[in-house]
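Chain residues, written in single-letter form:
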Amino acid sequence: MLADLVADGEVVVLSGAGLSTESGIPDYRGETGRRRRAEPMTYQTFVSSAAARRRYWARSHLGWRHIVDASPNAGHRAVAELERRGLVAGIITQNVDGLHQAAGAQKVVELHGSLHRVRCLTCGHRTSRHGLERRLRAANSGWLARTKVTDAVINPDGDAVLAVDEIETFRTVDCGGCGGVLKPDVVFFGENVPPSRVEECYALTERAGLLLVLGSSLTVMSGYRFVRRAAARSIPVAIINQGPTRGDGEALITVDAPLGPALTSLLEALG
């Protein structure tokens, strides 16, 4: 049934963190999330506390390599192939890792932004994360060699748990243009998605022949609202996820399975 719906085309994909766990990037609410107790950084904490910003950038500087070195998995490649075949009209991703694009997908809306960019909170200028990493390395010569982190404590947003004394010796850098505070170009918890981006995703959803949810528990309204919009417009919803989701009641089809094998099987069924 799912293959038949996808074969009709005009599929809009809504992807979540579960699609990237097979690339080694953990999630907050799935199986990898249950094995950790990490609390995500909130927007309010980040903007109000220089100490919180130092903690964030120290941990993120160390964990960034796990994001930048991650490779698309079979699930990302399957979505890109469906787009290449003209069956996917758009991809709304809640992920900030850039792996859809790395797999070759073109029609991607990054609902929550991207860790590959940095934005100044004063002047609004956006720069590459790679450029920031070079500046942080220069400002913290020898710091990386002194840390004691292990791969087991990398968190979903690319940061790594560090001891207090390691954080306190880390030096942050400011905007090279105006000296303002730098923030990753992602939507933190407690921060609103830009309204224009939300409207773009609503428009995609309303034109869809099928809303295909991949690897999202739909716990937060940020993604769940598109399932509700599709259901309200009688647009079929299909969900592939490991474990139950908030949107199961609105779905025509639910598949509880790992994303890579499931999407690979879907491609095979399409021929």
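What you see is a predicted model; the values in this text were computed from it and never measured. (Residues numbered from 1 in each chain as written. Predicted model: local features only at pLDDT ≥ 70, side-chain atom pairs only at ≥ 80, totals over all residues. Heavy atoms only, no water.)

This part covers the environment of Q101. Within the secondary structure, Q101 sits in helix α6 (residues 99-102). Between the alpha carbons of Q101 and D27 there is a distance of 19 Å; along the sequence they are 74 residues apart. With sequence-adjacent residues up to four places away left out, Q101 is seen in contact with V108 and E110. (Helix = DSSP H or I, 4+ residues; strand = E, 2+ residues; numbered from the N terminus. Contact = heavy atoms within 4.5 Å.)

Next up on the list: the sheet that holds strand β6 (residues 182-186). The strands making up a sheet associate through hydrogen bonds between their backbones, and the pairing can be parallel or antiparallel. Spatial strand order, β5-β4-β6: three strands in an open sheet with antiparallel pairing. Every interior strand has two partners, whereas the edge strands, β5 (126-128) and β6, have only one. Taken over all neighbouring pairs, the strand axes of this sheet differ in orientation by 45° on average, direction set aside. Running at roughly 145° to strand β4 (residues 113-120), helix α4 (residues 50-68) makes contact with β4 and β6 of the sheet. (Pairing = 2+ DSSP bridges. Axes fitted to C-alpha atoms, helices over the stretch in contact; angles between N-to-C directions.)

What follows concerns the pattern of salt bridges. As enumerated under the stated definition, the model contains 11 salt bridges in all. Across the pair D185 and R126 runs a salt bridge whose closest N-O atoms are separated by 2.8 Å. Highlighted residues: D185 in strand β6 and R126 in strand β5, separated in sequence by 59 residues. For D185, a relative accessible area of 7% corresponds to the buried category. Beyond isolated ion pairs, a larger network of salt bridges with shared partners links E110, R117, R119, R126, K183, D185 and E191. (Salt bridge = Lys/Arg side-chain N within 4 Å of Asp/Glu carboxyl O. Buried < 20%, exposed > 50% of the residue type's maximum accessible area, 1.4 Å probe, protein only.)

The quantities given are spatial measurements derived from coordinates; they are silent on function.
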